[in-house]
Each structure stands twice: as C-alpha cells, then as structure tokens.
Amino acid sequence: VAELAMGANCATVLVLNKWDATEMDDDDLDHERAKVNQKLRQRPKVLTASARTGRGLERLLREALALADRANARVPTPELNRWLSEVLQARQPPMKQGHRLKLIYAAQIGERPPRFAIQVNNRARVTREYAYFLENRLRARFGLDGVPVIIDFVERKQRRSER
C-alpha cells in the first residue's frame, strides 16, 4: 500500500495497528522501522496505534497534518544552495569517463509533491547511487520523510561565445 501511495505522489505515514494486542517492545518497533526504511525510498514515519483502545490516534492525526504541511512547504533557494554546497563537501560527485559531474545550482520548482531542479554540467554523469544520496540528504535536511520528492537533473545550456 505504501508503494502505491508513493507511486501516486502522496505523502505517507505508516501505522502499525493492533499494537496493544502484541507483546512487542521498543526493540521490535525499531526493527520494523528499519525494515520500512530498507524497502521504501520515501522513508515514511512509522507509528503505532490501537483502533480498539484509541491509543495513538491523536498522534496519528497530528502527524498527518504535519505531513500535509511538509508536502506543501517551499524551501528557499538560498537554503537549497547552501545544502548543495554542504553535500558537495561531504561527498564529491562521481566521475564518468574521466569527467566529474558538477552540480551548479538548485531550486524548488513545485510542491505537492515537492519538486526540485538541480542544474548539472552533464546529465549522463548522474549515477543512480548519487541521485539517491542527494535525495536522502535532502529529506534529512528539510524534514521530508514520508513526502515524495522529485529531483530533476537539468543540463545547463552551453553559453555561446561572444562574437
């Protein structure tokens, strides 16, 4: 179900119901969260609830409202570019055929779901692993767990030499 929600570009929170009927503890919950993070790129928040007793339902509603706010939020361009420079310092972009990918500029170009454009020198040099790395860092920095994120890598047009 979470994969379908992600495919439909919907923000997602995962709720484990009947938590009162199990004899699981916090370690078990951490294990379930790790399984979700491994399987789902969107990294939804995992909550527990009990429909019978009502435990956790208020927290679920608060999280759903906060998730909607995060899906509609805009990240200012200067903050995105500071994030981009920090990411570049943490891990250099990959090299392909002796040439390094250059990340030039980032901007948010849409919301619901948040869509970002990153200008690059050559789109063919963007590897899947580095794209996932950028997406995960973006989620962590701007609190976008559970929100589908779209990153477009836009190749910068070559400047014409002045005649």
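As shown above, the structure is provided for reference.
What you are looking at is a predicted structure, and each value in this text was computed from that prediction instead of being measured.

Some details on the packing of aromatic side chains
Item 1. Tallied over the entire structure, the rule returns 1 aromatic pair.
Item 2. Taking 5.5 Å as the distance between ring centres and 35° as the angle between the ring planes, the aromatic pair formed by Tyr130 and Phe133 counts as tilted. On the criterion of helical spacing, the pair formed by Tyr130 and Phe133 is a turn pair, its members being 3 residues apart in helix α5 (residues 128-142). Phe133 shares its class with Tyr130; the two are buried.
Item 3. Geometry around Phe133 places Arg91 over its ring, the cationic atom sitting 4.6 Å from the centre.

Points about the pairing of strand β7 (residues 150-155)
Item 1. Of the pairings in the sheet, the one linking strand β6 (residues 115-120) to β7 comprises 6 bridges and is parallel in character. Of the residues in β7, the one forming a bridge with Phe116 is Ile151.
Item 2. Between β6 and its parallel partner β7, the chain crosses via α5, and the hand of that crossover is right-handed.

Here we look at the sheet that holds strand β5 (residues 103-110)
Item 1. In spatial order, the strands read β5-β6-β7; together these 3 strands make up an open sheet with mixed pairing. Looking along the sheet, the strands with just one partner apiece sit at the ends: β5 and β7. Taking the axes of each pair of neighbouring strands and ignoring which way they run, one obtains an average angle of 25° across the sheet.
Item 2. Relative to β6, β5 runs antiparallel, the two being bridged by 6 bridges. Along β6, the bridge assignment pairs Ala106 with Ile118.
Item 3. Across the sheet, α5 touches β5, β6 and β7, and the angle it forms with β7 is around 130°.

Conventions and cut-offs
Residues numbered from 1 in each chain as written. Predicted model: local features only at pLDDT ≥ 70, side-chain atom pairs only at ≥ 80, totals over all residues. Heavy atoms only, no water. Phe/Tyr/Trp six-rings, centres within 6.5 Å; stacked < 30°, edge-to-face > 60°. Helix = DSSP H or I, 4+ residues; strand = E, 2+ residues; numbered from the N terminus. Buried < 20%, exposed > 50% of the residue type's maximum accessible area, 1.4 Å probe, protein only. Lys NZ or Arg CZ within 6 Å of the ring centre and 35° of its normal. Pairing = 2+ DSSP bridges. Right-handed = clockwise from strand over helix to strand, strands pointing away. Axes fitted to C-alpha atoms, helices over the stretch in contact; angles between N-to-C directions. Contact = heavy atoms within 4.5 Å.

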